[in-house]
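What follows is the residue order along each chain.
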Amino acid sequence: MKLLKQFIQQETVLTAAAVLAVVSAFFVPPDVQYLGYIDLRTLAILFSLMTVMAGLRRQGFFDGLGRALLSRTHSTFQLTLVLVGLCFFGSMFITNDVSLLTFVPFTFVVLSRLGADVRRSLLIPVVCMQTIAANLGSMLTPIGNPQNLYLYGKSGMSIGGFVLLMLPYTLVSLLLLLAWAAMVCRKASAALSVDELVSSSASQGDQKIILLYLVLFAVCLLSVIRVLPYGIAFAAVLVCVLFADPHTLRAVDYSLLLTFVAFFIFIGNLGRIPAFSGWLQEFLAGREVLVAVLASQVTSNVPAALLLSGFTAETQALIIGTNLGGLGTLIASMASLISYRQIARELPQGKKQYFGLFTLSNLIFLAILLGVPIGVLTAVFLAETAPKPLSKIVRPAIELLAGIPSVIYGLLGILLLCPAMYKLEQKIFAGSATHQFTGGANLISAVLVLAIMILPTVINISESALRSVPASLKAASLGLGASKIQTIFRVTIPAAKSGIATAIVLGVGRAIGEAMAISLVSGSS
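Residues numbered from 1 in each chain as written. Predicted model: local features only at pLDDT ≥ 70, side-chain atom pairs only at ≥ 80, totals over all residues. Heavy atoms only, no water.

(A) Structural view of empty space enclosed by the protein. Counted according to the given criterion, the structure contains two cavities of 30 Å³ or more. The calculated volume of the second largest cavity comes to roughly 40 Å³. N96, N135, S138, N145, Q147, N301, N323, G326 and S333 are the residues that line the second largest cavity. The residue inventory of the lining of the second largest cavity, partitioned by class, reads no nonpolar, nine polar and no charged. (1 Å grid on protein atoms, 1.4 Å probe; cavity = no way out; pocket = protein on both sides within 12 Å on 5 of 7 lines; lining within 4 Å. Points joined across faces, edges and corners; volume = space filled by probe spheres on them. Nonpolar A, V, L, I, M, F, W, Y, C, P; charged D, E, K, R; others polar.)

Below is the structure:
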């Protein structure tokens, strides 16, 4: 019994997925259609990538890469950029989980060699930045995280189309991380010695094994972009690792693979229950991004992607929603728990401070990434396509909203949003004996108010920038045969990019600086 309890605590998501699969089997008895539920391509590629990453990690490849980059740092700002950049850019290719498993312990080792004051001021902010960087960097590529791999295979998109879809969110995330790093390091600026950071005693892995894993990684990439059949990549990885480095197979996260299998069964069974399937499809229609973000806060983004993908054809919206949904609560992305556990083990007295900073920073990032695209696209609509009578009404209203103090937004949130969120909370957790009701004053309410609060600033300044683009540029584009949509996205927006960037910076500044609205609608928690 003790072992079972320990297993449930360690593998909560797998346990929940297995229970859901078993319960759904009572409504849809097992039959031959169960075999069709399992997405073998996703499982095979996921196993291959996890095996290759585990092997490279065991050989110290990523530690060596980090030490090589650290050898060029000479200030706390450069050090922070390297440590955060390793997670941000590394997660694009080695997944967010592997990035945090590798580089967060590495960060503790590196910062332990600095002075006590510098270490104390940098440690928690840098680890928090690394966690957010790994989750946001991983959204750019299909192999950055498990839900991307699954949704990419389901969508049938090209790898270029996938990257272009997530590129704006990734660039905004990078700018926010750079600004945060600059603010942190301004308070803890110091010159560093390379010898303090890089140890000459670091162990070197077997170069031949490392080369083999790099070749296998290239094979996996070819299978992801559908150049090679996934079965060939799976067989190549399995055979090579069995003969060259069999101990690596013990380091693969088989619980994640089993979680996928259990959710495949659960989703397949739900799809065969007409009443539930019809209701969920109707509920999702037109709300895919928001529902995916909200579902991720409770179940984490991988289960949310697996669950919702069975009931909507808008896979691109789910890709955006589940990636942004990795921000928010500590369990919104299971990778975030890796950093939290490391903090709890190495710096137990800092757990509360880390959790507070993690929640606040996730709230700000999520609000900005939800609000900025909506604001820019609204500005495009008002400047380029909206009927003049409509724009004459909407534009003054937006200018008025931009000048409203944050306390008013907080008050409106309490009066209008919190009651609506409380009703939704009562419906979702009806009959629950363990849920602690918030009255609607919670993290989700704070995110929505913050996103709404930055919209007027982004819309107002972006629209002005778009209207200032010379008419001759647009006329030249249209004269060359481009459509109006092509002209907007390939001529007008690039020409106004400096003004749009200013709008985003000012909107972000308001989101970061206005604490009153957050305090009011989040219950001051």
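(B) Spotlight on the packing of aromatic side chains. Throughout the structure, instances matching the rule amount to 13 aromatic pairs. Seen from their ring centres, Y34 and Y37 are 5.0 Å apart, and the 35° between their planes marks the pair as tilted. With Y34 and Y37 both in helix α3 (residues 34–37) and three residues apart, the pair spans about one turn of that helix. The two residues Y34 and Y37 agree in class, both being buried. With a centroid separation of 5.5 Å and 75° between ring planes, the pair formed by F61 and F62 is classed as edge-to-face. (Phe/Tyr/Trp six-rings, centres within 6.5 Å; stacked < 30°, edge-to-face > 60°. Helix = DSSP H or I, 4+ residues; strand = E, 2+ residues; numbered from the N terminus. Buried < 20%, exposed > 50% of the residue type's maximum accessible area, 1.4 Å probe, protein only.)

(C) Looking closely at the side chain of S309. Mapping S309 onto the fold places it in the loop between α17 (301–308) and α18 (315–324). A distance of 2.9 Å separates the side chain of S309 from the side chain of Y150, its partner in a polar contact. A polar side-chain atom of S309 sits 3.1 Å from the main-chain carbonyl oxygen of L306. (Polar contact = N/O pair within 3.5 Å; in protein donor to acceptor, adjacent residues only side chain to side chain.)

(D) View of the packing of helix α7 (residues 96–111) against helix α19 (residues 336–346). It is at 9 Å that the axes of α7 and α19 come closest, and there the two elements cross at 25°. Judged on the interaxial angle alone, α19 and α7 are roughly parallel. Remark: the crossing between α7 and α19 carries right-handed chirality. Together, D97, L100, L101, V104, P105 and F108 of α7 and I338, S339, Q342, I343 and E346 of α19 make up the contact between the two elements. (Axes fitted to C-alpha atoms, helices over the stretch in contact; angles between N-to-C directions. Parallel < 35°, antiparallel > 145°, perpendicular 65-115°, else oblique. Left-handed = near helix turned anticlockwise from the far one by under 90°. Contact = heavy atoms within 4.5 Å.)

(E) Just a nonpolar patch on the surface, in detail. Taken together, the side chains of V407, I408, L411, L412, I414, L415 and L416 present a nonpolar region at the surface, about 610 Å² in accessible area. Among the structural elements, I408 can be located in helix α22 (residues 406–428). When its relative accessible area of 35% is taken as the criterion, I408 is described as partly exposed. (Patch = residues over 30% accessible without salt bridge, like charges linked within 9 Å, V, L, I, M, F, W, Y side chains within 5 Å. Areas by Shrake-Rupley, 256 points an atom, 1.4 Å probe, with all protein chains shown as cover. Salt bridge = Lys/Arg side-chain N within 4 Å of Asp/Glu carboxyl O.)

(F) Highlighting the packing of helix α5 (residues 61–70) against helix α6 (residues 76–94). Relative to each other, α5 and α6 sit at 145°, their axes nearing to 10 Å. Judged by the sense of rotation from one axis to the other, the crossing of α5 with α6 is right-handed. Here F62, G66, L69 and L70 of α5 come into contact with α6, specifically with L79, V82, L83, L86 and I94. For the contact of α5 with α6, the residue count by class is eight nonpolar, one polar and no charged.

(G) Structural context of the environment of I488. For I488, the location among the structural elements is in helix α25 (residues 484–495). Judged by relative accessible area, I488 falls into the buried class, the value being 2%. Distance in space between the C-alpha atoms of I488 and E384 is 7.7 Å, their sequence separation being 104 residues. Once you skip the residues sitting within four places of it in the chain, I488 turns out to touch V380, E384, T385, I493 and P494.

(H) How the structure looks around α6. The terminal C-alpha atoms of α6, which comprises 19 residues, lie 26 Å apart, in line with the 27 Å expected from a rise of 1.5 Å per residue. Within α6, the axis deviates most sharply at G85, by approximately 30°. Counting buried positions over the 19 residues of α6 gives 14, a clear majority of the element. Immediately beyond the C-terminal end of α6, within one or two residues, lies T95, with a positive phi of roughly 75°. (Expected span 1.5 Å × (residues − 1). Bend = angle between axes of the 7 residues up to and from the residue.)

(I) Representation of α17. For α17, a buried count of seven out of eight residues is recorded, marking the element as mostly surrounded by other parts of the structure. The complete set of buried residues in α17 reads N301, V302, P303, A304, A305, L306 and L308.

(J) Representation of the side chain of N269 within the structure. Take N269: it is sitting in helix α14 (residues 254–271). Polar side-chain contacts of N269 include one of 3.0 Å to the side chain of Y34. Excluding residues that lie within four positions of it along the chain, N269 makes contacts with A21, S24, A25, V28, Y34 and Y37.

(K) How the structure looks around the nonpolar core. V52, F260 and L324 are the most contacted members of the largest nonpolar core, which totals 143 residues. With 16 residues, the single largest contributor to this core is helix α20 (residues 351–385). (Core = buried A, V, L, I, M, F, W, Y, C linked by side-chain atoms within 4.5 Å.)

(L) Region of interest: the pattern of salt bridges. Following the criterion strictly, the structure yields five salt bridges and no others. Residues R272 and D31 are paired through a salt bridge, measuring 2.6 Å at the closest nitrogen-oxygen approach. Remark: D31 occurs in the loop between α2 (12–27) and α3 and R272 occurs in the loop between α14 and α15 (274–284); sequence separation between them is 241 residues. A relative accessible area of 29% places R272 in the partly exposed class.

(M) Molecular detail of the confidence of the model for the protein. Mean pLDDT for the protein: 82, with 91% of residues reaching 70 or above. Mean pLDDT across the elements of the protein ranges from a minimum in helix α11 (residues 194–197), with 53, to a maximum in helix α13 (residues 230–244), with 92. (pLDDT = per-residue confidence, 0-100.)

(N) Representation of the state of the cysteines in the model. Tallying each qualifying case throughout the model produces zero disulfides. Just so you know, C220 is unpaired, no disulfide at all, and the nearest cysteine sulfur is the one on C240, 10 Å from it. According to the relative accessible area criterion, C220 is buried, its value standing at 0%. (Disulfide = S-S within 2.5 Å.)

(O) Here's a closer look at unusual backbone geometry. Phi is positive for T95, which is not a glycine, with a value near 75°. Counting through the fold element by element, T95 comes out in the loop between α6 and α7. On the basis of relative accessibility, which here comes to 16%, the residue T95 falls in the buried class. Within the chain, R226 stands out as a residue other than glycine whose phi angle is a positive 70°. Relative to the helices and strands, R226 resides in the loop between α12 (207–224) and α13. On the basis of relative accessibility, which here comes to 36%, the residue R226 falls in the partly exposed class.

(P) Summary view of the environment of V98. Position of V98 relative to the elements: it lies in helix α7. Here V98 falls in the buried class, since its relative accessible area comes to 13%. Through-space distance from the C-alpha of V98 to that of E288 is 28 Å; in sequence the pair is 190 residues apart.

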